[in-house]
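What follows is each chain in one-letter form.
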Amino acid sequence: MTTAANPATKGQRALLSFSVEGLPPREELLFRSLVRLLDHRTHQHWAWKAGAADLRVVGEPATATATDAPPAKAVPVLAVGHVDPQRGGHFLALPLHADVLEHTLNQLGAMVVHARGLGLASPDRHIGPDEEFRLLRWPPAALLEVPVRIRLATLMTGRPTTLALLQQRSGLAQQDCLDFLIDLRRADLLENTRPAEAPLPTPDAAATDSRPAGPAREPVQPGLLARIRNRLGLLPTGSR
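Here is a short report on the structure shown in this document. Remember, it's a predicted structure, so these values are computed and weren't measured experimentally.

1. Regarding the pattern of salt bridges
So, point 1. One pass over the full model with this rule turns up 8 salt bridges.
So, point 2. Between Asp99 and Arg41 there is a salt bridge; the shortest N-O distance is 2.9 Å. Note that Asp99 is positioned in helix H2 (residues 98-117) and Arg41 in the loop between helix H1 (25-37) and strand E2 (45-48), a separation of 58 residues in sequence.
So, point 3. For Asp99, a relative accessible area of 54% puts it in the exposed group.
So, point 4. One salt bridge connects Arg41 with Glu102, and the closest N-O pair in it is separated by 2.4 Å. On the criterion of sequence distance, the pair formed by Arg41 in the loop between H1 and E2 and Glu102 in helix H2 is long-range, its members being 61 residues apart.
So, point 5. On the basis of relative accessibility, which here comes to 30%, the residue Arg41 falls in the partly exposed class.
So, point 6. Salt bridges here are not isolated pairs; linked through shared partners, they connect Arg41, Asp99 and Glu102.

This is how it looks when you write it as structure tokens:
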């Protein structure tokens, strides 16, 4: 008997992205429409993204490069077509069926979330505890499915924050705060507000580059003779 994914994860669904390449326009439109219709049934929230994404959906012309990436950093590939070109890989046959697509998305979503936990996901997963962010606008409902996320978004409204500060203010686990920040970043809702600091010069470099500063010179005060000449309108010798 196959055990379904934990239903509790539907209350705190991760936001995952998918890209589509090599599918005919009609089939791509149908695929993206089905994913939106299945959103209330999938264990993760899937959103289409142009470019690099958590999942690559490829048609028959694009499957030749589906396995080019190194295994440790490979993005899962879902082939869609009439014949499975991967021979045992993740494949959906045309025409698409909603139940089969739902099962496949849940299976691949669990793989992506598991890879995130192992640190094998994209560099977006790495956020330093002191990296400072500002929330650009209020997140969409898809990112605020549970009250704790509404609370996190409220704490981020109107002021920059960091992972460590957000965890301290909310009292939540670091992983909960990190997952929310990652989802916000993937949705382009975060702005980095802490510019990179220029490294301070080393003592050796400072000694090499700096010139020895001489003693500060006192401003020259005009003497008595200079004041008399100035009053008589006489120019000092050598100024002609």
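This is not the end of the story, as more comes after the structure.
2. Quick word on the sheet that holds strand E6 (residues 132-135)
So, point 1. On the basis of which strands lie adjacent, the open sheet formed by 3 strands has the order E7-E6-E8 and antiparallel pairing. Each of the sheet's edge strands pairs with one partner strand only, and the pair in question is strand E7 (161-162) and strand E8 (190-192).
So, point 2. Judged from the 2 bridges that link them, E6 and E7 form a sheet pairing that is antiparallel. Looking at E7, one finds that Glu132 is bridged to Thr162.

3. Digging into unusual backbone geometry
So, point 1. For the peptide bond that leads from Leu94 to Pro95, omega is 0°, which places it in the cis range.
So, point 2. With respect to the secondary-structure elements, Pro95 resides in the loop between strand E5 (90-93) and H2.
So, point 3. Even without being glycine, Asp188 reaches a positive phi, approximately 60°.

Analysis parameters
- Residues numbered from 1 in each chain as written.
- Predicted model: local features only at pLDDT ≥ 70, side-chain atom pairs only at ≥ 80, totals over all residues.
- Heavy atoms only, no water.
- Salt bridge = Lys/Arg side-chain N within 4 Å of Asp/Glu carboxyl O.
- Helix = DSSP H or I, 4+ residues; strand = E, 2+ residues; numbered from the N terminus.
- Buried < 20%, exposed > 50% of the residue type's maximum accessible area, 1.4 Å probe, protein only.
- Pairing = 2+ DSSP bridges.

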